[in-house]
Amino acid sequence: MEGISHAIAPTLVPLPPKAKTNLRCNGFGSFIVRSKIHPIRVSKRSRVFAEIQNDHRERLDFSDPDWKSKFQSNFEQRFNLPHITDVFQDAKPIPSTFCLRMRTPVSEEFADGYPSDENWQGYINNSDRVLLKVIHYSSPTSAGAECVDPNCTWVEQWVHRAGPRKEIYFKPEEVKAAIVTCGGLCPGLNDVIRHIVITLEIYGVKKIVGIPFGYRGFCDSDLTEMPLSRKVVQNIHLSGGSLLGVSRGGPTVSEIVDSMEERGINMLFVLGGNGTHAGANAIHNECRKRRMRVAVVGVPKTIDNDILLMDKTFGFDTAVEEAQRAINSAYIEAHSAYHGIGIVKLMGRSSGYIAMHASLASGQIDICLIPELPFHLHGPHGVLTHLKYLIETKGSAVICVAEGAGQNLIQKTNATDASGNIVLGDIGVHIQQEVKKYFKEIGIPADVKYIDPTYMIRACRANASDGILCTVLGQNAVHGAFAGYSGITVGICNTHYVYVPIPEVISYPRAVDPNSRMWHRCLTSTGQPDFF
């Protein structure tokens, strides 16, 4: 995890009493059908976090006629957004300073605003909700089924709609807002920074700073905060990377909150993945403990698209698009060579979304390997045997592999990075070496080319799709903070933007469901058999 790590002792998640053996708990009081063809590999980290999530909800007895209402009550309680009034009951809201009157008039005639401003109905009601699940599965055996009970009873699950509120809990002139970017690079970081700053200024905030190089910037005496304004950020979205810089790890939560107190920061916007969000939630809790009137809001940043509940995270679309260049190059190399084999390794520590979507988009992949599905290289059902078949029938082949796939095939080092993540073995190089060795042993010439575009993709600027997503996420992060919410993150759910308590999205990494329609589509595209 990026940012602040927490050690947790692992435990297994027991299935509820009446759950069928082919169902597994998804950590949200729901069950997902376990594919008989593709057994799901549940990592220790996933089991740990699933148990934590399990503890947040009461155990349901499906023989109880009121189980449905109890589930919904528990769900509503878990997804209730932490608010400043939870600690400061006497906090009074003021009319919002965010409105269309902030638009620049084109002439003196409209100096006091346009006629349309008077009837503007652009605020979100606090009672507005977005439906979390939109498919009513009729059976647990339906592809991708996610059911609350073994009978797939329809249960509505609602989350809070994001956007500007009519009343706010911070006076803009008293706000000092800070933005921090943690973890690795991701396309769209600058876009989010830009729109957080612009939206803060529209509210009337004058004091906006960037914390350099992640959480480290709070306590490193060699690093100073960066003043931000519309003028500073106006064109930063035209470049990749992060204006503020990124890093992993950092000081303790207490030290970070001490620094926030000293600096007078009362709004903190945190851009990062699961680990960074865990840190943001810890900062939120520490601020509450000290009775500090601070809003801490996260914006999920993970190129792997592995944040729970979200349709997608920013940078993912760009990554899939940029991966096409590498895949096409591998295809041309393989197709142009005698017995050519192209291997492309893409991002995806725990989740294979980039590899799966990039394979689907290209139409040039013969074998897609992801972390969620174990595979054999050798043996009658192994990858190498299928490669031999492809060479004999097609004359060439292209493999797309996620970086976290097949780690059981590589010798473990037990080394970790600054975020506490296990340093992965290079599965791409391993497959390249094994392919060369295999074809040499069976006496068939093979021309193997290996491409790893990881850092080229991470450093790209966001494409148009991600640019829109980043814009709305940045705006809604500011709206959420001014509405008085803290310890929340903003994302897109069923095409609508929502606020979710941070603990609900960091329980464990979102993973590709091998029984989902999307994975089935990928298998249809590649035509690959099972390798296990």
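An unreviewed UniProt entry annotates the protein as ATP-dependent 6-phosphofructokinase of Acer negundo. Recorded in UniProt under Sequence similarities (unreviewed entry), the annotation for the protein is "Belongs to the phosphofructokinase type A (PFKA) family. PPi-dependent PFK group II subfamily. Atypical ATP-dependent clade 'X' sub-subfamily." As its UniProt record puts it under Function (unreviewed entry), the protein is described as follows: "Catalyzes the phosphorylation of D-fructose 6-phosphate to fructose 1,6-bisphosphate by ATP, the first committing step of glycolysis."

## Comments concerning the overall build of the protein
Secondary structure summary: the protein contains 13 helices and 18 strands in total. Each of the 532 residues in the protein was classed as buried or not, and the buried ones make up 56%. Total accessible area on the protein is roughly 23,000 Å²; 51% of this is exposed by carbon and sulfur atoms.

## Notes on the UniProt feature "binding site: ATP" (unreviewed entry) in the protein
The positions UniProt marks with the feature "binding site: ATP" (unreviewed entry) are Gly-184, Arg-248, Gly-249, Gly-273, Asn-274, Gly-275 and Thr-276. The greatest C-alpha distance among the residues just named is 12.8 Å, despite their covering 93 residues of sequence, which places them together in space. Of the annotated set named above, Gly-184, Arg-248, Gly-273, Asn-274 and Gly-275 line the second largest pocket. Here Asn-274 shows up in helix H6 (residues 274-289). The class for Asn-274 is buried, based on a relative accessible area of 6%.

## Brief notes about the packing of aromatic side chains
Aromatic ring pairs are described here by two measures, namely the spacing of the ring centres and the angle between the planes. According to the stated counting rule, one finds 8 aromatic pairs in the structure shown. Seen from their ring centres, Tyr-485 and Tyr-499 are 6.1 Å apart, and the 50 degrees between their planes marks the pair as tilted. A residue pair is termed long-range when its members are at least 10 positions apart, and Tyr-485 in the loop between helix H12 (464-482) and strand S17 (488-493) and Tyr-499 in strand S18 (residues 496-501) qualify at 14 residues. Owing to a relative accessible area of 7%, Tyr-485 belongs among the buried residues under this scheme. Here the aromatic cluster, defined as three or more aromatic residues joined through ring pairs, consists of Phe-98, Phe-170, Tyr-203 and Phe-482.

## Considering the state of the cysteines
As enumerated under the stated definition, the model contains 1 disulfide in all. Covalently, Cys-147 is tied to Cys-152 through a disulfide, its sulfur atoms 1.7 Å apart. Linking Cys-147 and Cys-152, the disulfide has an S-S dihedral of approximately 40 degrees and is accordingly described as right-handed. The burial state of Cys-147 is the same as that of Cys-152; both residues are buried. In this structure Cys-186 is a free cysteine whose sulfur lies 7.5 Å from that of Cys-470, the closest cysteine sulfur available.

## Quick notes on the pattern of salt bridges
Should their charged atoms come close, side chains of opposite charge can pair. Under the defined criterion, the tally for this structure stands at 17 salt bridges. With its nearest N and O atoms 2.7 Å apart, the salt bridge here joins Asp-64 to Lys-70. When the shortest N-O distance is used, the salt bridge between Glu-225 and Arg-263 registers 2.9 Å. One end of the pair, Glu-225, is in the loop between strand S9 (207-211) and strand S10 (226-227); the other, Arg-263, is in helix H5 (residues 253-263), and 38 residues separate them in sequence. One continuous salt-bridge network, built from bridges that share partners, spans Asp-258, Glu-261, Glu-286 and Arg-290.

## Some remarks on the side chain of Ser-139
Counting through the fold element by element, Ser-139 comes out in the loop between strand S4 (129-131) and strand S5 (146-147). Within the local environment of Ser-139, its side chain forms a polar contact with the side chain of Thr-141, the two groups lying 2.7 Å apart. Leave out the neighbours within four places in its chain, and Ser-139 touches Ala-145 and Cys-152.

## Considering the pairing of strand S13 (residues 340-346)
Burial analysis of S13 places 7 of its 7 residues in the buried class, the great majority of the element. In terms of strand pairing, S13 meets strand S15 (residues 396-402) through 7 bridges, oriented parallel. Bridging across to S15, Gly-342 finds its partner in Val-398. Of the pairings in the sheet, the one linking S13 to strand S16 (residues 447-451) comprises 5 bridges and is parallel in character. Along S16, the bridge assignment pairs Ile-343 with Tyr-450.

## Observations concerning the UniProt feature "binding site: substrate" (unreviewed entry) in the protein
Mapped onto this numbering, the UniProt entry annotates "binding site: substrate" (unreviewed entry) at Thr-302, Ile-303, Asp-304, Met-347, Gly-348, Arg-349, Glu-403, Tyr-455, Met-456, Ile-457 and Arg-458. Of the annotated set named above, Thr-302, Ile-303, Asp-304, Met-347, Arg-349, Glu-403, Tyr-455 and Arg-458 line the second largest pocket. Position of Asp-304 among the secondary structure elements: in the loop between strand S12 (295-300) and helix H7 (316-336). A relative accessible area of 9% means that Asp-304 is categorised as buried. Apart from residues lying up to four places away in sequence, Asp-304 is in contact with Met-347, Gly-348, Arg-349, Ser-351, Tyr-353 and Ile-354.

## Notes on helix H2 (residues 67-78)
Its 12 residues give H2 an end-to-end C-alpha distance of 16 Å, which sits within 8% of 16 Å, the value for a rise of 1.5 Å per residue. Those residues of H2 that sit buried are Trp-67, Phe-71, Asn-74, Phe-75 and Arg-78. Around the axis of H2, the buried residues are gathered within 100 degrees of arc, so they sit on the same side. In H2, those exposed residues whose orientation departs by more than 90 degrees from the buried face are Glu-76 and Gln-77.

Scoring rules and cut-offs
- Residues numbered from 1 in each chain as written.
- Predicted model: local features only at pLDDT ≥ 70, side-chain atom pairs only at ≥ 80, totals over all residues.
- Heavy atoms only, no water.
- UniProt positions renumbered as here; feature names shortened; annotations may be inferred.
- Helix = DSSP H or I, 4+ residues; strand = E, 2+ residues; numbered from the N terminus.
- Buried < 20%, exposed > 50% of the residue type's maximum accessible area, 1.4 Å probe, protein only.
- Areas by Shrake-Rupley, 256 points an atom, 1.4 Å probe, with all protein chains shown as cover.
- 1 Å grid on protein atoms, 1.4 Å probe; cavity = no way out; pocket = protein on both sides within 12 Å on 5 of 7 lines; lining within 4 Å.
- Phe/Tyr/Trp six-rings, centres within 6.5 Å; stacked < 30°, edge-to-face > 60°.
- Disulfide = S-S within 2.5 Å.
- Salt bridge = Lys/Arg side-chain N within 4 Å of Asp/Glu carboxyl O.
- Polar contact = N/O pair within 3.5 Å; in protein donor to acceptor, adjacent residues only side chain to side chain.
- Contact = heavy atoms within 4.5 Å.
- Pairing = 2+ DSSP bridges.
- Expected span 1.5 Å × (residues − 1).
- Arc of directions from axis to C-beta.

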